[in-house]
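Single-letter residue listing:
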Amino acid sequence: MYKLNPQISHNLPFTDFNFLQLAEKLLNLLKQCSSTKSIQQIHTQMLINSIQKPNFLLPKIINLKDFTYATLFFTQIPTPNEYAFNIMIRGLTTTWKNYSLAIQFYYRMKFSGLIPNNYTFPFLFISCANILALNHGRSAHSMVFKIGLDNDSHVNHSLITMYCKCGESTYARKVFDEIRERDVVSWNSMISGYLKIGYAQEAVKLFMEMRELGFECDEMTLVSVLGACGDLGDLNLGIWVEEFVKKKKLEVSTYIGSALIGMYGKCGDLMAARRVFDAMARKDLITWNAMITGYSQNGESNEAITLFNLMKEDNIIPNEITLVVVLSACAATGALDLGKSIETYASRRRLHHDVYVGSALVDMYAKCGSLENAIRVFENMPNKNDVSWNAMISAFALNGRPHEAISLFRSLLNDDTCKPNDITFIAVLSACVHAGLVDEGRRLFYSMKSSFGLVPKLEHYTCMVDLLGRAGHLHEAWDVIERMPGKPDEVALGSLLGACQKRRNLDVSERVIKLLLAMEPTNSGNYIIQSKIYANLRRWDDSAKMRVMMKKQGVAKVPGCSWIEIGSEVREFLAGDVLHHFTTQMYRLLIDEMKREGYVVKVDST
């Protein structure tokens with residue numbers, strides 16, 4: 001708390017000199033303020049002594065993030081000028097992220113007769129971008145032309161960002177092309193804008209053009225290009241960027257290092273990603289998240305969990321992204337105990353109400369077989385988005401409660417804040433598969449386009465193939481395969497081949513196996529199933545031919561594997577594996593579990 005001199009705490013008349021001294025003293029004290037209370041003391045003295053300095057008080061209040069005080073103070077300014085409006089719009093945009101109110105203040109500024117300037121528009125366009133207020137953004141863009149700010153670099157950069165975020169890449173590119181004197185920030189704005197809307201190829205092309213015209217790229221350029229490389233799976237360009245960094249002797253900052261790790265992870269080169277990770281002297285949360293995500297996305301869930309434990313030992317505090325990625329790894333390996341401990345941690349850090357953490361918890365519990373916990377988390381979520389609904393619908397489908405999945409899908413249709421998307425229909429069609437609801441599945445599949453404007457993708461066709469195949473409609477399932485956009489994948493063909501085995505259908509199975517052997521010639525399961533189909537129909541010679549073909553291809557039957565959680569680690573073991581370090585403990589645990597479930601355990605004496 002700052003104490004004022006007693007001689008200035010009363011309301012006595014001052015000479016002009018004394019008045020200026022007091023004003024200067026109060027402004028100097030204002031610069032030192034670090035709390036709302038101390039600002040209020042100075043504000044009081046200014047009011048008592050009729051010192052009008054709102055443009056000094058307002059930014060200080062905003063810096064202390066006191067929204068109520070700032071908005072109330074602004075209303076008490078008799079005639080706010082351009083500076084007061086600009087500082088308020090900036091605070092609403094960057095400090096409080098109240099984008100709608102920032103746009104309202106822009107209109108208030110115009111209606112009061114003031115002309116917005118080059119300090120107004122960048123923050124206005126940022127607000128429009130964040131709430132996709134394209135109409136307001138376009139209207140403001142017209143104003144930019146009217147007052148002659150169309151050549152201001154900051155205004156143009158924010159316009160590019162706004163148009164890209166609103167999905168209007170053509171308008172963004174038009175703004176970019178009309179910039180007379182481009183600098184590296186101009187190029188970065190457009191490259192980054194392309195990347196954010198999924199136009200990775202265009203981002204790379206623009207980067208190449210930038211290099212050809214002789215512009216030197218900076219850290220932001222490289223981070224954006226590495227992101228594009230990851231999205232495109234362009235490992236060669238990603239390697240070139242790393243070599244460029246070395247050649248220019250640029251520091252591998254946490255931003256560039258994390259971008260390199262993310263790029264290598266998306267391209268599937270985990271060794272290179274780990275090499276970059278291990279070589280970094282300083283690793284922040286973003287760096288750890290990038291490496292853990294790389295492992296998780298490439299199916300190396302055990303490595304992701306191990307690295308998460310190392311991260312905690314290094315005293316790095318996980319955030320929402322970390323928890324979502326590690327919960328995904330827990331779901332993939334069935335690490336229920338670790339998943340529960342993460343929920344406890346999230347609750348302690350007040351992250352459990354984050355919609356993505358909550359959705360990841362629902363998914364983890366469902367895939368670990370703890371459906372009641374998944375329901376509990378879902379029902380307790382204060383806010384739900386499409387990810388949350390999809391996770392819970394999938395949870396019911398995955399755990400053999402398809403009718404509840406379909407019922408929840410119908411509840412989603414009555415929700416005003418969310419609507420079904422591609423993933424929702426995969427989940428609800430999977431539920432139809434489990435319940436054998438052929439007519440309901442057909443209705444939902446054909447309603448995607450007619451009722452929801454969604455074009456069925458390969459995954460939806462695969463669900464229909466599985467549904468029809470299990471119900472014995474094998475020829476209809478084959479018709480669906482022939483209507484698929486692009487080539488059918490091994491999942492759709494594999495499920496239909498399995499249905500053919502069950503129904504002893506040779507006609508469709510021979511069409512399917514022909515495609516499967518061309519697609520994945522080293523998959524032992526395909527040979528074995530087709531061999532059994534022949535054997536069931538007493539076509540012994542054909543059955544033997546499949547086995548011979550398998551041997552000629554050098555294909556061996558893959559042994560079954562499973563996972564078991566020991567302490568905080570998930571261990572993999574194969575069927576008949578007696579050489580595993582934890583074999584004795586694993587079998588003892590399994591035997592104890594079987595006894596608890598009431599099974600009579602028969603252990604071979606050998």
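The rules behind each value
- Residues numbered from 1 in each chain as written.
- Predicted model: local features only at pLDDT ≥ 70, side-chain atom pairs only at ≥ 80, totals over all residues.
- Heavy atoms only, no water.
- Helix = DSSP H or I, 4+ residues; strand = E, 2+ residues; numbered from the N terminus.
- Rg over C-alpha atoms; globule rule 2.2 N^0.38 Å.
- Buried < 20%, exposed > 50% of the residue type's maximum accessible area, 1.4 Å probe, protein only.
- Contact = heavy atoms within 4.5 Å.
- Areas by Shrake-Rupley, 256 points an atom, 1.4 Å probe, with all protein chains shown as cover.
- Lys, Arg positive; Asp, Glu negative; His and termini not counted.
- Charge placed at Lys NZ, Arg CZ, Asp CG, Glu CD.
- Core = buried A, V, L, I, M, F, W, Y, C linked by side-chain atoms within 4.5 Å.
- Salt bridge = Lys/Arg side-chain N within 4 Å of Asp/Glu carboxyl O.
- pLDDT = per-residue confidence, 0-100.
- Axes fitted to C-alpha atoms, helices over the stretch in contact; angles between N-to-C directions.
- Parallel < 35°, antiparallel > 145°, perpendicular 65-115°, else oblique.
- Left-handed = near helix turned anticlockwise from the far one by under 90°.
- Nonpolar A, V, L, I, M, F, W, Y, C, P; charged D, E, K, R; others polar.
- Polar contact = N/O pair within 3.5 Å; in protein donor to acceptor, adjacent residues only side chain to side chain.
- Expected span 1.5 Å × (residues − 1).
- Phe/Tyr/Trp six-rings, centres within 6.5 Å; stacked < 30°, edge-to-face > 60°.
- Lys NZ or Arg CZ within 6 Å of the ring centre and 35° of its normal.

Visitor: Explain the overall build of the protein to me, and be specific about the residues and the numbers.
Guide: Per the secondary structure count, the protein includes 33 helices and two strands. Here the protein has a C-alpha radius of gyration of 32 Å; the compact-globule value for 606 residues is 25 Å, and the former is much larger. Of all 606 residues assigned to the protein, the portion counted as buried reaches 46%. Long-range contacts, defined as pairs at least 24 residues apart, comprise 59% of the intrachain contacts of the protein with a sequence gap of at least 6. Of the roughly 32100 Å² that the protein leaves accessible, carbon and sulfur atoms contribute 52%. The average position of the 66 basic charges and that of the 63 acidic charges among the side chains of the protein differ by 2 Å.

Visitor: Tell me about the nonpolar core, and name the residues and values.
Guide: In terms of nonpolar packing, the biggest core is built from 186 residues, with Met-88, Phe-121, Met-162, Met-364, Met-392 and Leu-496 touching the most fellow members. Ignoring sequence-local partners within four residues, the contact set of Phe-121 consists of Tyr-106, Pro-116, Ala-140, Met-143, Val-144, Ile-147, Leu-149, Val-155 and Ser-158.

Visitor: Describe the pattern of salt bridges, listing the residues and the values that go with them.
Guide: When the charged atoms of two side chains lie near each other, side chains of opposite charge can form a pair. Throughout the structure, instances matching the rule amount to 22 salt bridges. Notably, a salt bridge pairs Arg-442 with Asp-439, separated by 3.1 Å at the nearest N-O pair. Here Arg-442 pairs with Asp-439, and both are found in helix α26 (residues 438-452), just three residues apart, close to one helical turn. Since its relative accessible area comes to 22%, Arg-442 is described here as partly exposed. The shortest N-O distance in the salt bridge between Arg-470 and Asp-466 comes to 3.1 Å. Of this pair, Arg-470 and Asp-466 both sit in helix α27 (residues 458-470), four residues apart, which is roughly one turn of that helix. If you follow the salt bridges from partner to partner, you end up with Arg-173, Asp-177, Arg-182 and Glu-209 in one network.

Visitor: Which residues make up the confidence of the model for the protein, and what are the values?
Guide: Chain-level pLDDT for the protein is 91 on average; 92% of the residues reach the 70-or-more range. Between residues 1-12, whose pLDDT stays under 50, and residues either more than four places distant or in other chains, the model counts 21 contacts.

Visitor: How would you explain the packing of helix α30 (residues 506-519) against helix α31 (residues 524-536) if you had to name every residue and give the values?
Guide: As a packed pair, α30 and α31 sit with axes 11 Å apart at the nearest point and diverge in direction by 160°. In terms of their interaxial angle, α30 and α31 are classed as roughly antiparallel. Crossing geometry of α30 relative to α31 is assigned as left-handed. Of α31, the residues touching α30 (which contributes Leu-506, Ser-509, Glu-510, Ile-513, Leu-516 and Leu-517) are Asn-526, Tyr-527, Gln-530, Ile-533 and Tyr-534. The class makeup of the residues in the contact of α30 with α31 is seven nonpolar, three polar and one charged.

Visitor: Describe in detail the side chain of Ser-359, supporting the description with residues and values.
Guide: Tracing the backbone through its elements, the reader meets Ser-359 in helix α21 (residues 355-367). A distance of 2.7 Å separates a polar atom in the side chain of Ser-359 from the backbone oxygen of Val-355. Other than its neighbours up to four places away in sequence, Ser-359 contacts Met-381, Asn-385, Val-387, Ser-388 and Ala-391.

Visitor: With reference to specific residues and values, describe helix α19 (residues 320-333).
Guide: Spanning 14 residues, α19 covers 20 Å between terminal C-alpha atoms, matching the ideal 20 Å at 1.5 Å per step. You can read the cap of α19 off the contacts: a side-chain oxygen lies 3.1 Å from the backbone nitrogen of Ile-321, and it is on Asn-319. After α19 finishes, the residue Gly-334 shows a positive phi value of roughly 75°.

Visitor: Describe in detail helix α4 (residues 67-75), supporting the description with residues and values.
Guide: Those residues of α4 not exposed but buried are Tyr-69, Ala-70, Thr-71, Phe-73 and Phe-74. Looking at the buried positions of α4, the neighbouring elements they touch are α2 (36-48), α3 (54-63), α5 (82-95) and α6 (99-111).

Visitor: How would you summarise the packing of aromatic side chains if you had to cite specific residues and measurements?
Guide: Inspection of every chain in the model, using the stated rule, returns 20 aromatic pairs. Note on Tyr-194 and Tyr-199: the rings are 6.2 Å apart at their centroids and 25° apart in plane angle, and the pair reads as stacked. An aromatic cluster of at least three residues, connected via ring pairs, comprises Tyr-106, Tyr-107, Phe-111, Phe-121 and Phe-125. Across from the ring centre of Phe-176, 4.2 Å away, lies the NZ or CZ of Arg-182, which sits over that ring. Here the basic side chain of Arg-182 rests over the ring of Trp-187, its NZ or CZ set 5.4 Å away from the ring centre.

Visitor: Lay out the environment of Leu-206 with the relevant residues and their values.
Guide: Checked against the element boundaries, Leu-206 lands in helix α12 (residues 200-212). Sequence spacing of Leu-206 and Phe-425 is 219 residues, and the spatial spacing of their C-alpha atoms is 37 Å. For Leu-206, the contacting residues outside a window of four places in its chain are Arg-173, Phe-176, Trp-187, Met-190, Ile-191 and Tyr-194.

Visitor: How would you summarise the packing of helix α17 (residues 285-297) against helix α18 (residues 301-313) if you had to cite specific residues and measurements?
Guide: Packing of α17 against α18 leaves a shortest axis separation of 7 Å and a crossing angle of 160°. By the angle between their axes, α17 is roughly antiparallel relative to α18. As for how α17 packs across α18, the hand of that crossing is left-handed. Of α18, the residues touching α17 (which contributes Leu-285, Trp-288, Asn-289, Met-291, Ile-292, Tyr-295 and Ser-296) are Ser-301, Glu-303, Ala-304, Leu-307, Phe-308, Leu-310 and Met-311. Among the residues making up the contact of α17 with α18, the classes are represented as 10 nonpolar, three polar and one charged.

Visitor: Which residues make up the environment of Ala-133, and what values go with them?
Guide: Its place among the elements puts Ala-133 in the loop between α7 (121-130) and α8 (134-146). Along the sequence, Ala-133 and Ser-100 sit 33 residues apart, while their C-alpha atoms lie 8.9 Å from each other. The residues contacting Ala-133, other than those within four sequence positions of it, are Ile-103, Cys-128 and Cys-166.

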